[in-house]
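Observations on the three-dimensional arrangement
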Amino acid sequence: METGDLSHIRAEKVIDVQGLCVCPGFIDAHAHSEFTLLADGRAEAKVCQGITTEINGNCGLSAAPLLGAAMEQREKDLDELDIRERWNTFPEYFALLEGKRSSVNFVTLAGHGNIRASAAGYTDKPLSDTQKENMLELLSDAMKAGAKGLSTGLIYPPGIYSGTPEIIELAREAKKHNGIYTTHMRSEGDMLLEAVDEVIAIADQAGIHVHISHLKTGGERNWNKLNDVFERIGAAHERGISLTCDRYPYIAAGTDLDAVLPSWAFEGGRSRELERLKNERQRLAEDISRKSGDPSGWERIMISSVNSDRNKWMEGKSLSAISSASGKPVMETLFDVLVEEELQVSAIFYSMNEDNLKLILKRPYVVIGSDSSSRSFDGPTAKGKPHPRGFGSFPRVLGRYVREEGTLDLGEALYKMTGLPAKIFGIQRRGTVAKGFFADLVIFDPEQIIDRAEFNDPFRRPEGIRHVLVNGVPVLLDGELTGALPGRVLK
Ligand SMILES: [Zn+2]
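This is a predicted model, so every value here is computed, not measured. (Residues numbered from 1 in each chain as written. Predicted model: local features only at pLDDT ≥ 70, side-chain atom pairs only at ≥ 80, totals over all residues.)

Considerations on the domain arrangement of the protein chain
- Along its sequence, the protein chain is carved into domain 1 (21-251 + 351-481) and domain 2 (256-350).
- When each unit is reduced to the centre of its C-alpha atoms, the spacing between domain 1 and domain 2 is 26 Å.
- Listed by partner, the interface residues are 20 residues for domain 1 and 19 residues for domain 2.
- Residue composition of the side of domain 1 that touches domain 2, grouped by class: 7 nonpolar, 7 polar and 6 charged. (Domains from an automatic or database assignment. Contact = placed C-beta atoms within 7 Å. Nonpolar A, V, L, I, M, F, W, Y, C, P; charged D, E, K, R; others polar.)

Focus on the nonpolar core
- Ranked by internal contacts, the top residues of the largest apolar core, which has 125 residues, are Leu139, Ala171, Tyr181 and Ile303.
- Sorting elements by how many residues they give to this core places helix 8 (residues 192-206) first, with 7 residues.
- A domain-level breakdown of this core finds at least three residues from each of domain 1 (21-251 + 351-481) and domain 2 (256-350). (Core = buried A, V, L, I, M, F, W, Y, C linked by C-beta atoms within 7 Å. Buried ≥ 20, exposed ≤ 12 C-beta atoms within 10 Å, placed from the backbone. Helix = DSSP H or I, 4+ residues; strand = E, 2+ residues; numbered from the N terminus.)

Focus: the sheet that holds strand 11 (residues 301-305)
- The strand order across the open sheet built from 3 strands is 10-12-11, with neighbouring strands paired in antiparallel fashion. Each having just a single partner strand, strand 10 (252-256) and strand 11 make up the two edges of the open sheet. On average, adjacent strands in this sheet sit at an angle of 30 degrees to one another, irrespective of strand direction. (Pairing = 2+ DSSP bridges. Axes fitted to C-alpha atoms, helices over the stretch in contact; angles between N-to-C directions.)

With respect to the pairing of strand 12 (residues 346-350)
- Of all 5 residues that make up strand 12, 4 are buried, and the element is covered over most of its length.
- As judged from the 5 bridges shared by strand 10 and strand 12, these two strands associate in the antiparallel manner. The residue of strand 12 that forms the bridge with Ala252 is Tyr350.
- As judged from the 4 bridges shared by strand 11 and strand 12, these two strands associate in the antiparallel manner. Among the inter-strand pairings, Ile301 is bridged to a residue of strand 12, identified as Phe349.

Some points on helix 3 (residues 69-80)
- Taken as a whole, helix 3 has its buried residues at Ala69, Ala70, Gln73 and Arg74. The arc that holds every buried residue of helix 3, seen down its axis, measures 130 degrees, which confines them to one face.
- In this fold, the buried residues of helix 3 make contact with helix 5 (112-120) and helix 10 (270-279).
- Where helix 3 terminates, the next one or two residues include Asp82, which has phi positive at roughly 60 degrees. (Arc of directions from axis to C-beta.)

Things to note about the packing of helix 8 against helix 9 (residues 226-238)
- Two elements in contact, helix 8 and helix 9, have axes separated by 10 Å at closest approach and are oriented at 10 degrees. As far as their axial angle goes, helix 9 and helix 8 are roughly parallel. The residues of helix 9 that touch helix 8, namely those facing Leu192, Leu193, Val196, Asp197, Ile200 and Ala203, are Asp228, Val229, Arg232 and Ala236.
- By residue class, the composition of the contact of helix 8 with helix 9 is 7 nonpolar, no polar and 3 charged. (Parallel < 35°, antiparallel > 145°, perpendicular 65-115°, else oblique.)

Laid out in structure tokens, this is it:
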């Protein structure tokens, strides 16, 4: 059609959008849904937020490659979600996801953790030339299969064992395939500025677009570093480096509880880590105290999910509260729960600052990412007390930070959720409402939109979102989930 004349088209359904905001479907720039989508493709908590496309494979962890030690390390996560299928490569995973289908579109990065563990396991040893070559080949295969770039998680094993030159070499390979480099940096607190410098050095030497995941200043003693972070990024931009970031609109972080352990604890994989938690408690405790340096810190770490029934009561409670209730010292409490749950414990860390959050959200190069896996309100993903960002991030930005606080204006905020992430991750014909583009759409009431999920009660739907369409198919209609699964894998 050359003109706007649509009179020959007979619509199956007419949606009245009077007084509502019609905009491109939201792109969640930071998702971790590679496993949960296989367990439950409905992704209801994402759909209810207006998310139509997710960028997955963040923080060094992606669906593939999963070979050898990399696969072994993930067995527990897959079992927990009752996923029986196993795969090694992206083409195998994509075929599986396309067979099961999902409500949202799937984009992925290739996780450095997958690549390194597939080639070299979880050891803290220098890589051999063969291992390095294998890693380059695995990355190249992933990019050819449709990954959009390389992601690292430099606080998690095995990423924690890799140096800058290793990452530069891989980033150069990603660049050859027009990919980007995203990173959960080596530090988000005490060594934050050094970590930002590392990202910029990688951008310089690999000539690649770099993207900092969940930009934050973690820990009170580091809150004053934000200006220095902005200055470094500004200076990099002036030198022609392309650098962007994402952020979720909350001041508490969420990750695996064992992230509090020192790096040597992870060496050799899960079973070795568990042995150390049983046998090397003294040394672990000393290193943890040195690393955190804040004896009141345990009040600010809350357990959000465990597997066993006997520890369910801990969900939603801080480590210090659990320690008092069980009459055990807090380190003992920490080690015991990790051992009893075989490391499968998620936690919330109250470590950030509201003013800094607003300053970060305002930066024009910061997009919105939930940093969550997809969940539904019943079924295998409806467990524990996961971080509310998986249920409320996008409505919270639009309700709280646009309408109530005026931190951003509506247009700015929407661009951070649509056009800008589409550009950063190279997503074609989405992120804008235009002729010839896919009909991923969100229709919401800007006066009503707000998140309702709480830390102690996260499984709550946001308000104000009326309709969500993915590839032209309604997944939310008149506020009701339709159960349709029109999502595609975008390669
Ligand atoms: Zn991360």
